[in-house]
Structures are given as structure tokens and as C-alpha cells.
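# Per-entry structural report
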Amino acid sequence: MLAAGLRVSEVVTRKAIDRTPWARFCFRWACRCLGLRIHQHGSPSDDTVLFVSNHISWSDIPILGSLAPIRFLSKAEVGQWPVIGWLARQAGTLFIRRGGGQARRVRDQIIENLQAEENVLVYPEGTTSAGLTVLPFHGLLLNAAPESKTPIQPVTIAYRRDGRPDHLAPFIGDDEFHSHLLRMLKQPSARVDVVFHAPVYPSDQAPTGELAVRLRETVLDGLTRIYSGEYDEPVTDLFRTGDDPGLPHLPSLHGGPRSPDQSTG
């Protein structure tokens, strides 16, 4: 309803609306509805960055989208999902289809977004994993950072249940969205740790393969440290599912004071 309202408002006023604060608001509510207990370690950069993260589930998107203003890169199939695909497009998601030189065109689009001071997140693994390790990183899309003179900020995400890697969160194989969602909702809430590592400033001359290996090692190190319990204390529990959720006010459709969630890009 909110996305439809924004679209109607754009048609009536003939003015584009910045969807970033609205998307973050919806992402935060989605995380609460899922009962996720999110703990953030480190902070997203104040400057425009290319985020790179390991990928475990579709729920990575609302989690990371609630913590920073981000434009996501997703496989083309998600754009065909009922309702979800339309919402993803409304939130400014960039879609990529395997083969046919699509990756290079998407890389050029990412460069354009970064140069416009919009954060973009890519999943260099190219697919989801069980979350026990980090798959090899593909380097083609990473080239968008040095070509746009933009730093890269690695991010690690991990799901745990009863102190162990959560076996319900991974969205892999032939799993279907609706059945996976129901399984998650039927179980007690999972703990999610998100680590924002220090930004990396790649050189134009740095081999893409070496950059991909370096970033993967950083993300994997974060995963190892999460599972070892290193980040358990102290923690910042960002989302409370009980009373006093402390939600931010929605921004105005017609300007006015900036919302605390408004992108500074």
C-alpha cells in the first residue's frame, strides 16, 4: 500500500520521491514481523560505498536494508515473484540475469549509481549458501568500485539459533519463498549478527582476483568470529519486538524536515 501510494503521489505531483527512508522504514517493520533479533557490530560508512556481503537468505535484504541506505542487486528471477518482485523494483533494486553479457551492463549501472552517491550492495558469491562458510567471490562486479573511485565496505551476516548456526535461515536449492517464510515464522526468533568491516580502497591497478580473495577473507573472518562467540558481548540489539519499538517517523511526501533515515548520498 505504501509503495502504491508513493507511485500515485509521483504521478499526481510529477515529482520523483526519494524512496530510501520509506524503504528503510518498511525493512525495519519486516524484520520485526519476522521476529529477528539483530545485533550490529561496526557501522556503515558515512561516505558512498560499494557494500559486499556473504549471502544466506532472502531475509538478508530487509536486514541490511534496515541498517543503511542501499540499492540492492538481485537475480532476475526475484523480479518475477508476485508482489515481492514489484516491491523490489519500487525500492530501486537492480536485477541481473546470468549470461548474455548482462553482468557487464549491470556493472556499468552500478558505476552510474555510485557516481550519483548511491550505495549499492552486491553478493559476490553469486548465490546463497548454508551460512557455514563463504563461497568464492566473483570479481567482475567488484570492478565498479575502482572505476567509480568508490571504496568497498565488506559486510558479514550470520544467523544463529541457540548459539549455533541457524539451519532454518538459509534459502538454498529448490526452496520456495512462501514455504520458507512459513517455516521461519513457526519457529522462535533467530539472532542475526551483522559486522560492518573497515572500508577497502582498491587501486585501479589491483588485480580483480586478488581483490576478490582479500574481500572474501575479511567476510569469512567475520563469520568465524561470530560463530566463536566473540561478538556476543557487548552487543547492540537494534530491534525490539516488545513494547516501545522506537520506530522513526515517516518522512513527508512533500518535503519538510529530513527524516533521520534520509539518505545523505
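Residues numbered from 1 in each chain as written. Predicted model: local features only at pLDDT ≥ 70, side-chain atom pairs only at ≥ 80, totals over all residues. Heavy atoms only, no water.

- Looking at an unreviewed UniProt entry, one finds the protein named Phospholipid/glycerol acyltransferase and attributed to Marinobacter manganoxydans MnI7-9.
- Recorded in UniProt under Pathway (unreviewed entry), the annotation for the protein is "Lipid metabolism." (UniProt positions renumbered as here; feature names shortened; annotations may be inferred.)

### Describing empty space enclosed by the protein
- Per the stated rule, a full pass over the model turns up one cavity of 30 Å³ or more.
- Taken as a whole, the largest cavity holds about 50 Å³ of empty space.
- Surrounding the largest cavity, Leu 34, Leu 36, Arg 161, Asp 166, Leu 168, Ala 169, Met 184, Pro 188, Ser 189 and Ala 190 form its lining.
- Among the residues making up the lining of the largest cavity, the classes are represented as seven nonpolar, one polar and two charged. (1 Å grid on protein atoms, 1.4 Å probe; cavity = no way out; pocket = protein on both sides within 12 Å on 5 of 7 lines; lining within 4 Å. Points joined across faces, edges and corners; volume = space filled by probe spheres on them. Nonpolar A, V, L, I, M, F, W, Y, C, P; charged D, E, K, R; others polar.)

### Remarks on the packing of aromatic side chains
- Following the criterion strictly, the structure yields three aromatic pairs and no others.
- Seen in terms of ring centroids, Phe 27 and Phe 72 are 6.0 Å apart; in terms of plane orientation they differ by 85°. Their pairing is edge-to-face. Separated by 45 residues along the polypeptide, Phe 27 in helix H2 (residues 20-33) and Phe 72 in strand S3 (residues 71-75) bring together distant segments of the chain.
- When the centroid spacing of 4.9 Å and the interplanar angle of 70° are considered together, the rings of Trp 58 and Phe 177 count as edge-to-face. In this pair, Trp 58 is assigned in the loop between strand S2 (50-53) and helix H3 (60-67) and Phe 177 in helix H7 (residues 177-186), connecting sequence segments 119 residues apart.
- Lying across the ring of Trp 29, Arg 32 places its NZ or CZ 5.6 Å from the centre. (Phe/Tyr/Trp six-rings, centres within 6.5 Å; stacked < 30°, edge-to-face > 60°. Helix = DSSP H or I, 4+ residues; strand = E, 2+ residues; numbered from the N terminus. Lys NZ or Arg CZ within 6 Å of the ring centre and 35° of its normal.)

### Points about the state of the cysteines
- Under the counting rule described, the total for this entry stands at zero disulfides.
- Free cysteine: Cys 31, not disulfide-bonded; nearest cysteine sulfur from Cys 33 at 9.3 Å.
- You can call Cys 31 buried: its relative accessible area is 0%. (Disulfide = S-S within 2.5 Å. Buried < 20%, exposed > 50% of the residue type's maximum accessible area, 1.4 Å probe, protein only.)

### A short note on a nonpolar patch on the surface
- Judged by side-chain polarity, Val 83, Trp 86 and Leu 87 come together as a nonpolar surface patch covering roughly 270 Å² of accessible area.
- Here Leu 87 lies in helix H4 (residues 84-90).
- Residue class for Leu 87 comes out partly exposed when judged on its relative accessible area of 37%. (Patch = residues over 30% accessible without salt bridge, like charges linked within 9 Å, V, L, I, M, F, W, Y side chains within 5 Å. Areas by Shrake-Rupley, 256 points an atom, 1.4 Å probe, with all protein chains shown as cover. Salt bridge = Lys/Arg side-chain N within 4 Å of Asp/Glu carboxyl O.)

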